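These are the residues of each chain, in order.
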Amino acid sequence: MTSDRAVRPALSGDSGRRRALSGLYRRPRLQLGLLLSSPLLWLVGAYLGSLILMFVAAFWRLDAFSGTIDRSALTLANFEEILTTPVYRDVALRTISMAALVTIADAVIAFPVAYFMARVASPRTRGFLIVSITLPLWSGYLVKVYSWRLMLLPNGFLDSLLSPLGLSGPGLGDVAVWLVFTYLWLPYMVLPIYAGLEQIPGSLLEASSDLGARAALTFRRVILPLAIPAVVAGSIFTFSLTLGDYIVPGLVGTGTQFIGTIVYNNVGIAGDLPLAAAYALVPVTVMVAYLLIARRTGAFESL
Amino acid sequence: MESSPAVRWILRLGTGAALLFVYVPLILIAVYAFNVNKVPTWPPTGFTLDWFRVAVDNSSVREALLVRIGAGAGATAVALVLGTLLSFAVVRYRFFGRETISFLVILPIALPGIVTAVALSNAFVTFGIPFGLVTIVIAHATFCIVVVYNNATARLRRSARSIEEASMDLGADTLQTFRYVTLPRLRSALLAGALLAFALSFDEVIVTRLTAGALKTMPLWILDNYLRPNQGPVVNVVAVVVLLFSALPVYLAQRLTSEGGSGPNR
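Residues numbered from 1 in each chain as written. Chains lettered and ligands numbered in written order. Predicted model: local features only at pLDDT ≥ 70, side-chain atom pairs only at ≥ 80, totals over all residues. Heavy atoms only, no water.

## Topic: the overall build of chain B
Phase 1: Tallying secondary structure elements over chain B gives 11 helices and 0 strands in all.
Phase 2: When the helices and strands of chain B are read in sequence order from the N terminus, they spell out α-α-α-α-α-α-α-α-α-α-α.
Phase 3: Its C-alpha atoms give chain B principal-axis dimensions of roughly 70 × 65 × 35 Å.
Phase 4: The buried share of chain B, taken over its 266 residues, is 53%.
Phase 5: For chain B, long-range pairs separated by at least 24 residues make up 70% of all intrachain contacts whose partners lie at least 6 apart in sequence.
Phase 6: Summing over all exposed atoms, chain B offers an accessible surface of approximately 11400 Å²; the carbon and sulfur share of this is 68%.
Phase 7: Looking at charge distribution, chain B has the averaged site of its 21 positive side-chain charges lying 3 Å from that of its 13 negative ones. (Helix = DSSP H or I, 4+ residues; strand = E, 2+ residues; numbered from the N terminus. Buried < 20%, exposed > 50% of the residue type's maximum accessible area, 1.4 Å probe, protein only. Contact = heavy atoms within 4.5 Å. Areas by Shrake-Rupley, 256 points an atom, 1.4 Å probe, with all protein chains shown as cover. Lys, Arg positive; Asp, Glu negative; His and termini not counted. Charge placed at Lys NZ, Arg CZ, Asp CG, Glu CD.)

Given below as structure tokens:
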């Protein structure tokens, strides 16, 4: 250390600080502790803690008379209410069906785009397409929903576009909700499928055609099975995002309830946080089950 | 394997149609912002810049923009620090529970939005933290960490440790090595992560609406006003501003990371 300082006085600086730092350098565990402590405090303390607290809150009860939350006793009453009230069951099923329909529509639209990007487009076109698809991913969520609302309103863009054909737009309602969800989550489906298709080695496809398979057969027996994990990876996003949304049904729906709207109304207007917490466990359960199934297809490597 | 010309044309058409599908609503809202008519009928009867002036004069719009920029900046700062620390720990060290961390960090955006919203909202109520700028920043930072973390991790994995070791061997201490060797190589990835985090925060509605209390961020202002017929044109202007504030950072971030040859982040 002394010779070190003699050779490079300019870098040595304050010797106390230097000794502390070199001590730190020799203690990787201490470094790791310093690196991890604050992010983990945040993620585990604040976020995971909140999730656990929500789980506990699902067992609290809103006192109907005083309007305050009774935190003293734990009860299964919220779960009982959710399981025995037909509305809650219907809404859960409706939301899950909506998520499934959105996922299917997105997969159907996304696959040709991803295939074109990965296998047909020139590098320049590919770069352009990647930017064009990524750009709307994280921007203007509400703006997009609002724009769709304007398009779907009577005499809006869709109506005037379709009227020469003697048709009219779907208007606001469940079809509109499905359309807007499909629109919003499309990039989340395109990008994983693109990444998955791009990774298929060309030699596999050559081998398939050398063995006498025509393009259609190669597609069905080689490309499609290899692309399935990527589609499942994309579907995790489309599914989860649909389950957790309450803005779209509010803006382009006509009052049909979804899991998100029920939870939101209970937190905000009704103030029944325990019931909201209990009902929020429905999408959590669905997603955990979905993730467990998805893991078996190898989708996690495609995330 | 070469696709046949017919298949190529079908794919090309499908891709073109999908791009139209993605961009028509975005272009349309921009057109409506200049529409003379107060009612959003199609086609527009004429164009004007008046609504932008009306929007600038509207104090609630200005306030919403300021709240949003403040919340975004706060959340980005927190996410930047925490995400960078975490990515260093995960890339540079081997320890028990390392895989769990990459799962934990993605959880706030992998779980349905309403779940994160209710969980945080419930925690704030239970611990008596009043809703406001602080709660928005806490909520946003939580789901922005993953963006910074992903960018920093991708870059750290590609940069060799040996250069830092060389710096240490040449007598630089830990801080000097970080400042003069590690940070310059990470800078564009961190900037990209910060831009994406800001865009994500600026745009977010689902969690924000349940953690903002009476405070109005810009997207929330839209939600409050879109049903008021007189505010219609101003809502369109605000929508365009929100779009720019969230799309521009994403575009810049894309440019920054593709320079490094890493392609899209997600």
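## Let's talk about the overall build of chain A
Phase 1: Counting secondary structure elements, chain A contains 15 helices and 2 strands.
Phase 2: Its C-alpha atoms give chain A a radius of gyration of 27 Å, more than 25% over the compact-globule value 19 Å for 303 residues.
Phase 3: Dimensions of chain A, computed from the C-alpha atoms along their principal axes, are close to 90 × 75 × 40 Å.
Phase 4: For chain A, buried positions account for 50% of its 303 residues.
Phase 5: The long-range fraction of contacts in chain A, counting pairs at least 24 apart against all pairs at least 6 apart in sequence, stands at 67%. (Rg over C-alpha atoms; globule rule 2.2 N^0.38 Å.)

## Focus: the environment of Gly193(B)
Residue and element names in this part refer to chain B.
Phase 1: Here glycine 193 is to be found in helix 8 (residues 174–203).
Phase 2: Each C-alpha atom, one on glycine 193 and one on isoleucine 27, is 27 Å from the other, the two residues being 166 residues apart in sequence.
Phase 3: Residues in contact with glycine 193, not counting those within four places in the same chain, are Val147, Val148 and Asn151.

## Observations regarding the nonpolar core
Phase 1: Tyr141(A), Leu197(A) and Tyr279(A) are the most contacted members of the largest nonpolar core, which has 178 residues in total.
Phase 2: For Leu197(A), the contacting residues outside a window of four places in its chain are Phe111(A), Ala114(A), Tyr115(A), Ala118(A), Arg119(A), Ile223(A) and Ala227(A). (Core = buried A, V, L, I, M, F, W, Y, C linked by side-chain atoms within 4.5 Å.)

## Things to note about the interface of chain A and chain B
Buried accessible area, meaning the area lost when the parts come together, often serves as the stated size of an interface.
Phase 1: Contacts between the two partners involve 89 residues from chain A and, on the opposite side, 90 residues from chain B.
Phase 2: At the boundary of chain A with chain B, total buried surface from both sides reaches about 8500 Å², with 76% on carbon and sulfur atoms.
Phase 3: Summed over the shared surface of chain A and chain B, the number is 0 salt bridges.
Phase 4: Counting across the chain A and chain B interface gives 13 residue pairs in polar contact (both at pLDDT 80 or more).
Phase 5: For the side of chain A that touches chain B, the element with the most residues is helix 4 (residues 28–57) of chain A, which contributes 20 residues.
Phase 6: Residues that form the side of chain A that touches chain B fall into these classes: 64 nonpolar, 16 polar and 9 charged. (Buried area = accessible area lost by both parts, 1.4 Å probe. Salt bridge = Lys/Arg side-chain N within 4 Å of Asp/Glu carboxyl O. Polar contact = N/O pair within 3.5 Å; in protein donor to acceptor, adjacent residues only side chain to side chain. Nonpolar A, V, L, I, M, F, W, Y, C, P; charged D, E, K, R; others polar.)

## Some details on a nonpolar patch on the surface
Residues and elements named next belong to chain A.
Phase 1: Together, Leu101, Ile104, Val108, Val175 and Trp178 give the surface a local cluster of nonpolar side chains, amounting to about 470 Å² of exposed area.
Phase 2: Within the residue set of the nonpolar patch, elements represented by two or more residues are helix 6 (86–120) and helix 10 (174–198).
Phase 3: When its relative accessible area of 52% is taken as the criterion, isoleucine 104 is described as exposed. (Patch = residues over 30% accessible without salt bridge, like charges linked within 9 Å, V, L, I, M, F, W, Y side chains within 5 Å.)

## Describing the domain arrangement of chain B
Phase 1: Along its sequence, chain B is organised into domain 1 (1–27) and domain 2 (59–260).
Phase 2: Computed from C-alpha atoms alone, the centre-to-centre distance between domain 1 of chain B and domain 2 of chain B is 33 Å. (Domains from an automatic or database assignment.)

## Focus on empty space enclosed by the protein
Phase 1: For the structure shown, the criterion picks out 5 cavities of 30 Å³ or more.
Phase 2: Roughly 490 Å³ of internal volume is contained in the largest cavity.
Phase 3: Broken down by secondary-structure element, the contributors of at least two residues to the lining of the largest cavity are helix 8 (141–152), helix 10 and helix 12 (215–243) of chain A together with helix 4 (98–110), helix 5 (113–126), helix 8 and helix 9 (206–211) of chain B. (1 Å grid on protein atoms, 1.4 Å probe; cavity = no way out; pocket = protein on both sides within 12 Å on 5 of 7 lines; lining within 4 Å. Points joined across faces, edges and corners; volume = space filled by probe spheres on them.)

## Remarks on the packing of aromatic side chains
The relative placement of two aromatic rings is captured by the distance of their centres and the angle of their planes.
Phase 1: One pass over the structure, following the stated rule, counts 17 aromatic pairs over all chains.
Phase 2: An angle of 90 degrees between the planes, with centres 5.9 Å apart, marks the rings of Phe111(A) and Phe219(A) as edge-to-face. Note that Phe111(A) is positioned in helix 6 and Phe219(A) in helix 12, a separation of 108 residues in sequence.
Phase 3: The partly exposed category is assigned to Phe219(A), whose relative accessible area is 29%.
Phase 4: Put simply, the rings of Tyr141(A), Phe181(A), Trp185(A), Tyr188(A) and Phe237(A) touch in pairs and so form one group of aromatic residues.
Phase 5: Above the ring of Trp9(B), the side-chain terminus of Arg12(B) is found at 4.9 Å from the ring centroid.
Phase 6: Its end group placed over the ring of Phe202(B), Arg68(B) keeps NZ or CZ at 5.9 Å from the ring centre. (Phe/Tyr/Trp six-rings, centres within 6.5 Å; stacked < 30°, edge-to-face > 60°. Lys NZ or Arg CZ within 6 Å of the ring centre and 35° of its normal.)

## As for the layout of surface pockets
Phase 1: One number sums up the size of the second largest pocket: a volume of about 610 Å³.
Phase 2: Lining of the second largest pocket is provided by 24 residues; of these, Gln31(A), Leu35(A), Phe88(B), Thr174(B) and Phe178(B) occupy positions nearest its centre.
Phase 3: Contributions of two or more residues to the lining of the second largest pocket are made by helix 3 (15–25) and helix 4 of chain A together with helix 3 (59–92), helix 7 (162–169) and helix 8 of chain B.
Phase 4: Take the lining of the second largest pocket: its biggest share by element is 7 residues, from helix 8 of chain B.
Phase 5: Looking at the lining of the second largest pocket residue by residue, the class counts come to 15 nonpolar, 5 polar and 4 charged.

## Some details on the side chain of Thr103(A)
Residue and element names in this part refer to chain A.
Phase 1: Relative to the helices and strands, threonine 103 is located in helix 6.
Phase 2: Polar side-chain contacts of threonine 103 include one of 2.7 Å to the backbone oxygen of alanine 99.
Phase 3: Apart from the residues lying within four places of it in its own chain, the contact partners of threonine 103 are Met189, Ser235, Thr238 and Phe239.

## Re helix 1 (residues 5–33) of chain B
Working note: α-helix, 3.6 residues per turn, so residues spaced by three or four point in the same direction.
Residues and elements named next belong to chain B.
Phase 1: Taking 1.5 Å as the rise per residue, helix 1 with 29 residues should run 42 Å; its terminal C-alpha atoms sit 42 Å apart, in good agreement.
Phase 2: The largest bend along helix 1 reaches roughly 35 degrees and is located at tyrosine 23, with the proline proline 25 sitting one to four residues downstream.
Phase 3: Of the residues making up helix 1, those classed as buried are Leu11, Thr15, Ala18, Leu19, Phe21, Val22, Pro25, Leu26, Leu28, Ile29, Tyr32 and Ala33. (Expected span 1.5 Å × (residues − 1). Bend = angle between axes of the 7 residues up to and from the residue.)

## Examining the environment of Asn78(A)
All names here are of chain A.
Phase 1: Within the fold, asparagine 78 resides in helix 5 (residues 77–84).
Phase 2: The buried category is assigned to asparagine 78, whose relative accessible area is 0%.
Phase 3: In this structure the C-alpha to C-alpha distance between asparagine 78 and alanine 277, which are 199 residues apart in sequence, comes to 9.0 Å.
Phase 4: Of note is the side chain of asparagine 78, whose polar atom sits 2.6 Å from the backbone oxygen of tryptophan 60.

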